[in-house]
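Now for the letters of each chain:
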Amino acid sequence: MDWSMLDDIDDPVQLREAAQALLSSMAATVQTTQHDHERACAERDAALETVARQRQVVQERDRAIVLRDARIAALTTEIARLRRLQFTARSERMTTEQRDLFEETMAADIAAVEAELAALQAHSPSPSQPPRPRLSPKRQPLAEHLPRIETRHEPATCTCPQCHGDLVHISDQVSERLACKPPVFYVKRDIYPQYACRACEQVVAEPVAAALIDRGQADASLLAQVVIAKYVDHLPLYRQQAIYARSGVELSRSTLAEWVGAVGVALQPLADRLAAQLREQAIVHADETPVALLDPKAGKTRRAYLWLFRNAHYPGADPPRVVFQFHPNRSGDHARQFLKDWRGSLMVDEYSGYKGLWSLGITELACWAHVRRKWFDQHKASGSPIAAEALARIGVLYRIEREAATMTVEERLVYRQRCARPVLDALKTWLDGLQHTVMGQSGTAKALAYTLRRWDALVRYVDNGASPIDNNLAENAIRPIALGRKNWLFAGSEQAGRRAAAIMSLLATAKANGIEPHAWLENTLTHLPTTLNRDIDSLLPLRRD
């Protein structure tokens, strides 16, 4: 700033004005410099924040790549193990039925692992291990005698989206898949016309719809039919093969098994989401039933278990959710692992595996149907008048429940306190008096001991209008497994058991919600490939009132 210019001014007024102008200019210069400094600091801080954010993104991406590569390596190893087991397990002690199921299971397990591996490689290919190009499999053409039902997928507009010129039909891209409308087979023929714009040489066509099994010949309707027949109608794959052959459709058992494996993998996220929703419920039923698990190396089976969990039913309750879990043993640790941090009321039988849950803050509810069964068996065996009296008193409790069936939770609580509580108090007094009159080893004494031992958990239901009186909901849901055991014989592997549990969870939930399982499964398998994870709840088989 040039202060010498003031030396040539003699007029005091002009001198003062010039000095003020110089001072203002200097202040403006200082302010501009300060603003520039602040802006530079802000830009530096923003740049540092951007760098930190990008570094975090890179770190997270690197971690995801490491986890993905580890999972790919594990799946690759698992495929190799399953293939070795498939071709080396040839125990002479296996029956024909066991060997057939073993072959089906191996095919389904390998298909399930390959489907998961393909999904990982397709969505996030590793730079170090690029996925191998998939060659289109050589497949036999679909039978000519089957009727064709064609659906033309025309573009939304007849004009070119680029230059708005007229489109000219040049060819059709045809996709054929074997479809099924039980019990009639037909070929579903999807045609995607391709149009070209002569002006700008652009081709316009509807994109080919994504399918659950890439390049597969099975339509969602046929996949649904195979799965429903196996897990709802209890038809093993070798029986389905014979049924389909009578319609002129030859499908190998290994192909059917691969389809089941692929469907199981695709439905697993839905089953996981269903389990997560179940853990949001305040009251849950639980039960378990044995199934046989094949040990191919030993040529025999060992006992495994299907555990069932479902939410309570009462007016205003959430839609029913039924979840099966496969576990190679009956350890109570499985219930703890499944329930995780859930803390609610659990309706169970007297199995000791549940006892570790009560110390965690879970409330035990006991089943009056189990108690009634003890007294009923004793009355049937001996005609005991004491057992008859016990059955009559328990019958009063169930009559009260029938009368309260349509009440709201609040109304039922008041009704139970007014009507059921006095009946329970009188029953407890009567049972206490019997302890000194019945023989210690008699059937009556055992029924009495069981009732008194469970008393606190048995009477807890009257203090909550939403609590059930028994575990019949769980027992009814698990009862079809008994029929399935006769037809499936056993689970061929732990993977097959977990896959069956996931599929049965969804189908049992559909049944509990009054949804036709084949229609639901066909629709789900059709839309699943294009459904985002955030929208997965829309595919669950839950009634939406």
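In case you missed it, the structure is sitting above this.
Predicted, not measured: the structure shown is a model, and the values here were computed from it.

Asks: How should I be thinking about the nonpolar core in this particular structure?
Replies: Soluble globular proteins tend to bury their nonpolar side chains together. Counting residues in hydrophobic clusters, the biggest one holds 76 residues, and the most contacted among them are Phe309, Phe324, Leu346, Tyr354 and Leu521. In terms of residue count, the dominant contributor to this core is helix α5 (residues 253-278) (eleven residues). Leu365, Leu391, Tyr450 and Ile469 belong to the second-largest nonpolar core, a separate cluster that totals 38 residues.

Asks: Got a minute to help me understand unusual backbone geometry in this structure?
Replies: Note: most residues except glycine have negative phi, and most peptide bonds are trans. Look at Glu201: it is not a glycine, yet its phi comes out positive at around 55 degrees. For Glu201, a relative accessible area of 71% translates into the label exposed. Non-glycine residue Lys340 carries a positive phi angle of around 55 degrees. Looking at the secondary structure, you find Lys340 in the loop between α6 (333-339) and β8 (345-348).

Asks: Even after reading the chapter, I still don't get helix α8 (residues 368-382), so can you show me in this structure?
Replies: Helical geometry note: an α-helix holds 3.6 residues per turn, so side chains three or four residues apart project in the same direction. For α8, with 15 residues, the first-to-last C-alpha span of 21 Å sits near the 21 Å given by 1.5 Å per residue. Among all positions of α8, only Trp368, Ala369, His370, Val371, Trp375 and Gln378 are buried. Buried residues belonging to α8 abut β9 (363-366), α9 (385-403), α10 (409-434), α11 (443-453), α12 (455-459) and α13 (472-478). In the stretch just after α8, Gly383 is the one whose phi turns positive, near 70 degrees.

Asks: Explanation requested: the sheet that holds strand β6 (residues 300-311) in the structure shown.
Replies: Sheet strands pair by backbone hydrogen bonding; their relative direction is either parallel or antiparallel. With mixed pairing, five strands are arranged side by side in an open sheet as β7-β6-β5-β8-β9. Edge strands, defined here as strands with exactly one partner in the open sheet, are β7 (322-327) and β9. On average, each strand axis in the sheet is inclined to that of its neighbour by 30 degrees, with strand direction left out of account. Bridging between β6 and β7 involves six bridges; their strand directions are antiparallel. In the strand pairing of β7, Arg310 is matched with Val322. Where helix α15 (residues 494-512) meets the sheet, it contacts β5 (283-295), β6 and β7, and its direction lies at approximately 165 degrees from that of β7.

Asks: Help me understand the pattern of salt bridges, please; the structure alone is not making it clear to me.
Replies: For side chains of opposite charge, pairing can occur when their charged atoms come near one another. What the rule picks out here adds up to 24 salt bridges. A salt bridge links Asp190 to Arg177, with the nearest nitrogen and oxygen atoms 3.2 Å apart. Placement of the pair is Asp190 in strand β3 (residues 184-197) and Arg177 in strand β2 (residues 167-181), with a sequence separation of 13 residues. Of the two residues, Asp190 and Arg177, neither departs from the other in class, the shared state being buried. Residue Glu494 is joined to Arg498 by a salt bridge in which the shortest nitrogen-to-oxygen separation is 3.7 Å. One end of the pair is Glu494 and the other is Arg498, both in helix α15 and four residues apart, which spans about a single turn. With a relative accessible area of 28%, Glu494 lands in the partly exposed category.

Asks: Just to check I follow, could you spell out α5 for this structure?
Replies: A rise of 1.5 Å per residue sets the reference length of α5, with its 26 residues, at 38 Å; its end C-alpha atoms lie 35 Å apart and thus fit the reference within 8%. Considering bend angle alone, the principal kink of α5 is centred on Leu267 and spans about 40 degrees; proline Pro269 follows within four residues of it.

Asks: Help me out: how do you make sense of the packing of aromatic side chains in this one?
Replies: The geometry of an aromatic ring pair comes down to the distance between the two centres and the angle between the two planes. Taken as a whole and assessed by the stated rule, the structure comprises six aromatic pairs. Each ring, one from Trp307 and one from Tyr354, has its centre 5.9 Å from the other, and the planes form 80 degrees; the classification is edge-to-face. In this pair, Trp307 is assigned in strand β6 and Tyr354 in the loop between β8 and α7 (355-358), connecting sequence segments 47 residues apart. Using a relative accessible area of 0% as the deciding quantity, one classes Trp307 as buried. Of the residues examined, Tyr354 reaches a relative accessible area of 0% and is grouped as buried. An aromatic cluster of at least three residues, connected via ring pairs, comprises Trp307, Tyr351 and Tyr354.

Asks: How should the side chain of Asp287 be read in this particular structure?
Replies: Relative to the helices and strands, Asp287 is located in strand β5. We note that Asp287 is buried and unpaired, the nearest opposite charge coming from Arg330 at a distance of 6.3 Å.

Asks: Hey, could you run me through the environment of Leu306 in this one?
Replies: Within the secondary structure, Leu306 sits in strand β6. According to the relative accessible area criterion, Leu306 is buried, its value standing at 3%. If sequence neighbours within four positions are ignored, Leu306 has contacts with Asp287, Glu288, Thr289, Val291, Gln325, Phe326, Ile478, Ile481, Ala501 and Met504.

Asks: What is the right way to read the pairing of β5 from this model?
Replies: A regular strand carries its side chains on alternate faces of the sheet. Among the 13 residues that make up β5, ten are buried, leaving the element largely enclosed by the rest of the structure. In terms of strand pairing, β5 meets β6 through twelve bridges, oriented antiparallel. Bridge pairing links Leu294 to Thr301 in β6.

Asks: Would you explain the packing of helix α3 (residues 220-231) against helix α4 (residues 237-246) in this entry?
Replies: Relative orientation and spacing of two packed helices are given, respectively, by the angle between their axes and the distance between those axes. At their nearest, the axes of α3 and α4 sit 10 Å apart, and the two run at 130 degrees to each other. In terms of orientation, α3 and α4 fall into the oblique class. Handedness of the crossing formed by α3 with α4: right-handed. Of α4, the residues touching α3 (which contributes Gln225, Val226, Ala229 and Lys230) are Leu237, Gln240 and Tyr244. Across the contact of α3 with α4, the residue classes tally to four nonpolar, two polar and one charged.

Asks: When you look at the state of the cysteines in this model, what are you seeing that I'm missing?
Replies: Covalent bonding between the sulfur atoms of two cysteines defines a disulfide. Evaluated as defined, the whole model comprises zero disulfides. For the unlinked cysteine Cys160, the closest cysteine sulfur is that of Cys200, found at 3.5 Å. The exposure class of Cys160 is buried, given its relative accessible area of 0%.

The rules behind the values
Residues numbered from 1 in each chain as written. Predicted model: local features only at pLDDT ≥ 70, side-chain atom pairs only at ≥ 80, totals over all residues. Heavy atoms only, no water. Core = buried A, V, L, I, M, F, W, Y, C linked by side-chain atoms within 4.5 Å. Buried < 20%, exposed > 50% of the residue type's maximum accessible area, 1.4 Å probe, protein only. Helix = DSSP H or I, 4+ residues; strand = E, 2+ residues; numbered from the N terminus. Expected span 1.5 Å × (residues − 1). Contact = heavy atoms within 4.5 Å. Pairing = 2+ DSSP bridges. Axes fitted to C-alpha atoms, helices over the stretch in contact; angles between N-to-C directions. Salt bridge = Lys/Arg side-chain N within 4 Å of Asp/Glu carboxyl O. Bend = angle between axes of the 7 residues up to and from the residue. Phe/Tyr/Trp six-rings, centres within 6.5 Å; stacked < 30°, edge-to-face > 60°. Lys, Arg positive; Asp, Glu negative; His and termini not counted. Parallel < 35°, antiparallel > 145°, perpendicular 65-115°, else oblique. Left-handed = near helix turned anticlockwise from the far one by under 90°. Nonpolar A, V, L, I, M, F, W, Y, C, P; charged D, E, K, R; others polar. Disulfide = S-S within 2.5 Å.

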